[in-house]
Amino acid sequence: MTFRSTLLLLSILPLHLIAQNIPVKINPQLTPYTVKEIIKTMTLVEKVNMVVGNGFKMPEDNFQSVVGNTQEGVPGAAGTTNANLRLGIPYMVLSDGPAGVRIDPLREDQPGKTYYATAWPVGISLASSWDVDLVKTVGVAMGHEAKEYGIDIMLAPALNIQRNPLGGRNFEYYSEDPLISGMITSAMVNGIQSNGVGTSIKHFVANEQEKNRFTANTVVSERALREIYLKGFEIAVKNSHPWTVMSAYNQVNGTYASESQDLLKTILRKEWGFTGIVMTDWFSGKEPIAQMLAGNNLLMPGMASQAKQILEAVKTGKLSEKVLDENIEGILNIILKSPSFRHYKYSNQPDLKRNGQIARETAAEGMVLLKNDEQVLPIAQRIHRIALFGNNSYDLITGGTGSGQVNCAYRISLVQGLSNAGYTLDKELEKLYTDYITGYKSTHPKKPMLQEYLHPTPSAPEYTLDNDLLNKKVVISDIAIVAIGKKLGEGNDGKPENDFYLTVAEKTAIRIVADAFHAQNKKVIIVLNIGSAIDVMQWKDYADAILISWQPGQEGGNAIADILTGKVNPSGKLAITFPASYNDVPSKKDFPGKEFPEKIIKTIITKGPYTEDVYEEGIYVGYRYYNSFNVKPAYEFGYGRSYTQFVYSNLKISSSTFNGKIKASVTITNNGKVAGKEVVQLYLSAPTKSIYKPAEELKGFAKTKLLNSGESQTICFILNTKDLASFNTTLSSWIADAGSYTIKIGASSEDIKLTKSFTLIKDLIVEKVNKVLVPQVQINELIR
Ligand code: BGC
């Protein structure tokens, strides 16, 4: 990295700071000098430059005018910290995101060279595999790519809760359940960080919607925060030690997450023992001083105005220099671990071929088979001619929009995937759809980068089929596949109409294809190319089989073909509930918050109406709601079919009385004809003595190995004291109530196969925590 060694400190300082005349006398270097020694020798200006990032490089100039200088780095990466070459401190390069390394694929000064990255299956797809080992493998591969492209920290994974099916970023979040979110995040972090590059788990915390994200205030009870929204982060921090945490844009109970000492110091550091650094989300919050005081070590991407305010505050005594020192200490400790500090000679040649193969296998593992009447899948060997309908068969959505997007070298569409698998595909249909989509795209060109990022150009409406064409296709085809896709993204929540519910054109396409093919006794398979739960009730009876492919990354078409052909037996299960109607969604009343147009908030980058998102459903998120209030979903949490069947037997628990720990074991046998994997789920029903509780909660899960026909595997789970506990707000404590607990081993949250009970003799205060993040307004919370 020759350019790094030639950078001069002064060339990277914001202009207004250069004027400060820094006394540069000695130049001790970070190592052999220690972090503390180095901080002692820093000038105030140098200190300010450590806690404020180096600015944001946008093609649109309006951003350039407000941010600090930009230094080299990796083109297209989200930002860099500031270097201090006098003291031997390099800058670190930070890059999105959860679905892969997001950098520019081409560089003007290097014609002919490419910097593509692997577009991995999105978060919801990874979580639907319920396979922590697999996700770790993805993390190892993603981290390798990051490192070989000169990245120090990946701005990933993202683990906010899928609270409402319309959440714009649901696709990159994992689940409605904090245990899955926390465990999948831990696996990903452990994988990425095994390469010696860091992660930034995000967005901490309660950032479940996109509307007015800079000015929104999440109002949420202490209990729901602890049990649902903080829980996944707690698991991840304790199990995987992410180098960094990214504080969210929103306020939590009246204080910006990035300005909340309760959140960033009391909970994250004191209670959970986090030793890394906190960085802001890009341009978040209002007060840089409050952010510094909260222990938000690093302000990203960094603005000159922030640097100026911090400098002034220290000079006028409003901010103690010690606070800066503490924040810098954290940053330098991370820099010490970074590839940039170690002068890692990155190759710019990650093994994209190998990673493409892993992406294909991973995408298939996350796919969920919802329906398979008369075992229409896998596609029978006698079937060769496929009529492929639906825009998304030809234009597969590989991932969502915004910072979770990846510039990959290729995208395998479904038509390509099936063709690669050896099927004969209808050429006329292919031409009709591709001409239509290309025509639409040419009349709806993408906007400049920032506008496209914030207001993505909508995809082409579903192509309108005519009956004559259909009748012709039925005769010459053995089977029909219709792929329907939905895409939301950063900055854009969906709407019930046309996002949760299919458009009229999409429903019509499904119906008329089904009518035509069923009339000739031919089957219809629907592929859902989605990133969040959608309605299925209005049309699912038309389908013989329904497969959710999710947004499966660059190898999507091949991976879908692997499942449809039976090369891979589906083993994904839903990590979210598919509600029977949007009206059933417990957060529908509050989502996406109430806007107060008269209260305009000015943040450091923007202004907008104060928006209050009151989480009135409390702890009853997802299946915790549907199961406790007997609301039947279309497909429940944990659901997913296989091409084989599994028998659950021999549930044993280590004791009928709880004594600090309990072990449960269960045997899973594949008694079908083909090899397959099963996701085994452990739910716990707790006694409701001191406080109300959900009907059951997921406390453990495991995926079997590939079990051959007739083969068995015994799965073990351990429940610890904290697994029994719920959060008692009055006592600010996790309490396990005395009484009878039931372990329910299920193939889904509704399909419980075996149960066993045990007793806890005495109430247990499992953990006393601090009374913090108390809502300032009354929440009319759902209770049972
Ligand atoms: C997103 C983050 C992302 C950052 C940098 C923000 O707008 O919320 O998730 O990491 O931009 O691109």
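Source: prediction; values computed, not measured. (Residues numbered from 1 in each chain as written. Predicted model: local features only at pLDDT ≥ 70, side-chain atom pairs only at ≥ 80, totals over all residues. Heavy atoms only, no water.)

A few points about the overall build of the protein
- If you tally the helices and strands in the protein, you get 26 helices and 27 strands.
- The C-alpha atoms of the protein give 26 Å as radius of gyration, which agrees with the globular expectation for 784 residues (28 Å, within 12%).
- Counting only C-alpha atoms and orienting by the principal axes, one finds that the protein spans roughly 85 × 70 × 55 Å.
- Expressed as a percentage of its 784 residues, the buried residues of the protein come to 64%.
- Residue pairs in contact within the protein that sit at least 24 positions apart in sequence constitute 79% of those at least 6 positions apart.
- Accessible area of the protein: about 28,600 Å², with a carbon and sulfur share of 51%.
- Seen as two clouds, the 83 positive and the 78 negative side-chain charges of the protein have centres 4 Å apart. (Helix = DSSP H or I, 4+ residues; strand = E, 2+ residues; numbered from the N terminus. Rg over C-alpha atoms; globule rule 2.2 N^0.38 Å. Buried < 20%, exposed > 50% of the residue type's maximum accessible area, 1.4 Å probe, protein only. Contact = heavy atoms within 4.5 Å. Areas by Shrake-Rupley, 256 points an atom, 1.4 Å probe, with all protein chains shown as cover. Lys, Arg positive; Asp, Glu negative; His and termini not counted. Charge placed at Lys NZ, Arg CZ, Asp CG, Glu CD.)

Notes on the environment of Asn 630
- Examined against the element boundaries, Asn 630 turns out to sit in the loop between α25 (623-628) and β18 (646-653).
- The exposed category is assigned to Asn 630, whose relative accessible area is 71%.
- Sequence-wise, Asn 630 and Ile 668 are 38 residues apart; in three dimensions their C-alpha atoms are separated by 28 Å.

Some remarks on the environment of Leu 311
- Among the structural elements, Leu 311 can be located in helix α14 (residues 304-315).
- For the pair Leu 311 and Leu 44, spaced 267 residues apart in the sequence, the C-alpha separation amounts to 7.3 Å.

Some points on the site of the ligand
- The environment of the ligand is made up of 15 residues, and the closest members are Asp 96, Arg 169, His 203, Asp 281 and Glu 490.
- Within the side chain of Arg 169, one N or O atom sits 2.8 Å away from an oxygen atom of the ligand.
- Side-chain polar atom of Glu 490 to an oxygen atom of the ligand: 2.6 Å apart, as the coordinates give it.
- In the complex, the protein chains occlude 97% of the 310 Å² of accessible area that the ligand would expose alone. (Near = heavy atom within 4 Å. Polar contact = N/O pair within 3.5 Å; in protein donor to acceptor, adjacent residues only side chain to side chain.)

Remember that the coordinates give geometry; whether it matters functionally is a separate question.
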